[in-house]
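What the coordinates show
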Amino acid sequence: MSPTTEAAASASLNEAGVEAAETEAATKNLVFVAAERLFALHGFQNVSVRDITAAAGVNLASVNYHFGSKDALLFEIFRRRTAELNRERAKMLHEASDRHAGAPPLREILAALLTPPLRWLAPDHERRISLQFLIRARSEGTDEIRQVLKTDVSHLRRFSDALLRARPDLSPEEVYWRLHFTLGMLHNNRFAEFDRLNVLSEGQTSEADVMALLERMLNFAEAGFRA
């Protein structure tokens, strides 16, 4: 084989390899997106591997090939979306810290914690379905997801540290409890809870105005930390 022919063959093989890798990545993403939506809408136990691959329009073996198992796929969605959400939170807190010479005020700390998930809640936000998935994960997640929820506090440590500095007059125990209550308020924003509140208020409440909801939550959380 001449050098020219050999180079052409090598280029052709490389091109084929790139195309194959791109096809695999596209298939993996189709499975990921379809699974996230189905799990969010119907629950973890009510969605089968066949449901996922049918919705993604891919081969039945794709879930196991790309993720290992249904549970591993669930954990990958959970891991990726929580990481994305917590990056947004960390970025907001870092920016607030920069604006205030390393000592952001209480409300801006709380805003960095609460704003990203509330943004995802907006009806027109591309991550609304991801938030719905994460809400389900708290109650329906696998053992691996539950273990992470129970023990991984790395994303919260920066907020507890900032809150301790913002309220040095409070004991650390009190700061941790108030952070816990603030997170409870956030985690209670399930879609079914909004529906129940709407019934209770006879239509006076709506989560559709996300910025108004965020303002109410910030007011409540800030008042709790200042009490």
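See the structure printed just above.
**Points about the overall build of the protein chain**
Broken down by element type, the protein chain carries 11 helices and zero strands. Walking the protein chain from its N terminus toward its C terminus, one meets helices and strands in the order α-α-α-α-α-α-α-α-α-α-α. Taking 227 residues into account, the globule formula puts the C-alpha radius of gyration at 17 Å, and the protein chain, at 23 Å, lies well above it. Seen through its C-alpha atoms, the protein chain measures out along the principal axes to roughly 80 × 45 × 30 Å. Expressed as a percentage of the 227 residues in the protein chain, the buried residues total 39%. Of the contacts formed within the protein chain by residues at least 6 apart in sequence, a portion of 71% connects residues at least 24 apart.

**Some points on the pattern of salt bridges**
For side chains bearing opposite charge, pairing can occur when the charged atoms are close. Taken as a whole, this structure holds 15 salt bridges when the rule is applied. Between R81 and E36 there is a salt bridge, with the nearest N and O atoms lying 2.7 Å from each other. Here R81, found in helix 4 (residues 70–99), pairs with E36, found in helix 1 (residues 3–42); they are 45 residues apart in sequence, far enough to count as distant. Judged by its relative accessible area of 7%, R81 falls in the buried class.

**Side note on the packing of aromatic side chains**
Per the stated rule, a full pass over the model turns up five aromatic pairs. Seen from their ring centres, F44 and F133 are 5.3 Å apart, and the 35° between their planes marks the pair as tilted. Remark: F133 occurs in helix 6 (residues 128–140) and F44 occurs in the loop between helix 1 and helix 2 (49–56); sequence separation between them is 89 residues. The exposure classification of F44 matches that of F133, with both residues buried. An aromatic cluster is built from F39, F44 and F133, whose rings are joined through pairwise contacts. Sitting over the face of the ring of F67, K28 holds its NZ or CZ atom 5.4 Å from the ring centroid. In this structure, R80 is placed above the aromatic ring of F32, and the distance from its NZ or CZ to the ring centre is 3.9 Å.

**Examining the layout of surface pockets**
By volume, the largest pocket amounts to about 990 Å³. Along the wall of the largest pocket there are 35 residues; nearest its centre are R89, R138, H155, L156 and H187. Elements that contribute at least two residues to the lining of the largest pocket include exactly helix 4, helix 5 (106–121), helix 6, helix 7 (143–151), helix 8 (154–166) and helix 9 (172–187). Here the second largest pocket is characterised by a volume of approximately 450 Å³. Contributing to the lining of the second largest pocket are 17 residues, with N188, N189, F194, L197 and L213 lying nearest its centre.

**Observations regarding unusual backbone geometry**
Here the phi dihedral of A101 falls at roughly 55°; this positive angle occurs in a residue that is not glycine. In this structure, A101 sits in the loop between helix 4 and helix 5. With phi around 55°, E202 is a residue other than glycine that occupies positive phi space. Owing to a relative accessible area of 72%, E202 belongs among the exposed residues under this scheme.

**Describing helix 5**
Taking 1.5 Å as the rise per residue, helix 5 with 16 residues should run 22 Å; its terminal C-alpha atoms sit 23 Å apart, in good agreement. The sharpest bend along helix 5 reaches about 35° and sits at L114, with the proline P116 one to four residues further on. Within helix 5, 13 of the 16 residues are buried, which leaves the element mostly enclosed by the surrounding structure.

**Describing the packing of helix 4 against helix 7**
The packing of two helices is summarised by the inter-axis angle and the distance between the axes. Closest axis-to-axis distance for the helix 4/helix 7 pair is 9 Å, and the angle between their directions is 30°. The orientation of helix 4 relative to helix 7 falls into the category roughly parallel. Across from L74, F75 and F78 in helix 4, the residues of helix 7 making contact are E144, I145, V148 and L149. When grouped by side-chain class, the residues that make up the contact of helix 4 with helix 7 number six nonpolar, no polar and one charged.

Thresholds applied
Within each chain, residue numbers correspond to sequence positions counted from 1 in written order. Only residues with pLDDT of at least 70 get local features here, since the model is predicted, and only at 80 or more are side-chain atom pairs given and counted; chain-wide, interface and lining totals rely on the full set of residues. The side-chain values count all of the structure's non-hydrogen atoms but skip hydrogen atoms and water molecules. In DSSP terms, a helix is any run of H or I states spanning at least four residues, a strand is any run of E spanning at least two, and both are numbered starting from the N terminus. Here the radius of gyration uses the C-alpha set of atoms, whereas the globule reference equals 2.2 Å times the residue count to the power 0.38. Exposure categories follow from relative accessible area, calculated using a 1.4 Å probe and restricted to protein chains: below 20% of the type maximum is buried, above 50% is exposed, and the middle band is partly exposed. When checking whether two residues touch, look at their non-hydrogen atoms; a contact exists if any pair is within 4.5 Å. Take a side-chain nitrogen of Lys or Arg and a carboxyl oxygen of Asp or Glu: if they are within 4 Å of each other, that pair is a salt bridge. Paired rings are identified among Phe, Tyr and Trp, the last through its six-membered ring, by centres lying within 6.5 Å, and are further divided according to the angle between planes into stacked (under 30 degrees), edge-to-face (over 60) and tilted (the rest). Each ring is checked for a lysine NZ or an arginine CZ that lies within 6 Å of its centre and within 35 degrees of its normal; such an atom marks a charge sitting over the ring. Throughout, the protein atoms alone are placed on a 1 Å grid, and a set of points is a cavity if a 1.4 Å probe fits but cannot get out or a pocket if it is open with protein on both sides within 12 Å along at least five of seven lines; lining residues have an atom within 4 Å of a point. Grid points are joined across faces, edges and corners, and a volume is the space filled by probe spheres set on the points. Helices are assigned an expected span. That span is 1.5 Å times one less than the residue count. The term bend refers to the angle at a residue between two fitted axes, each drawn through seven residues, those ending there and those starting there. Note on geometry: axes are lines fitted to C-alpha atoms, helical ones only across the stretch in contact, with angles between N-to-C directions running from 0 to 180 degrees. Roughly parallel means an angle under 35 degrees; roughly antiparallel means over 145; roughly perpendicular covers 65 to 115; every other angle is labelled oblique. Nonpolar residues are Ala, Val, Leu, Ile, Met, Phe, Trp, Tyr, Cys and Pro. Charged residues are Asp, Glu, Lys and Arg, and all others, Gly as well, are polar.

That is the geometry; function is a separate question.
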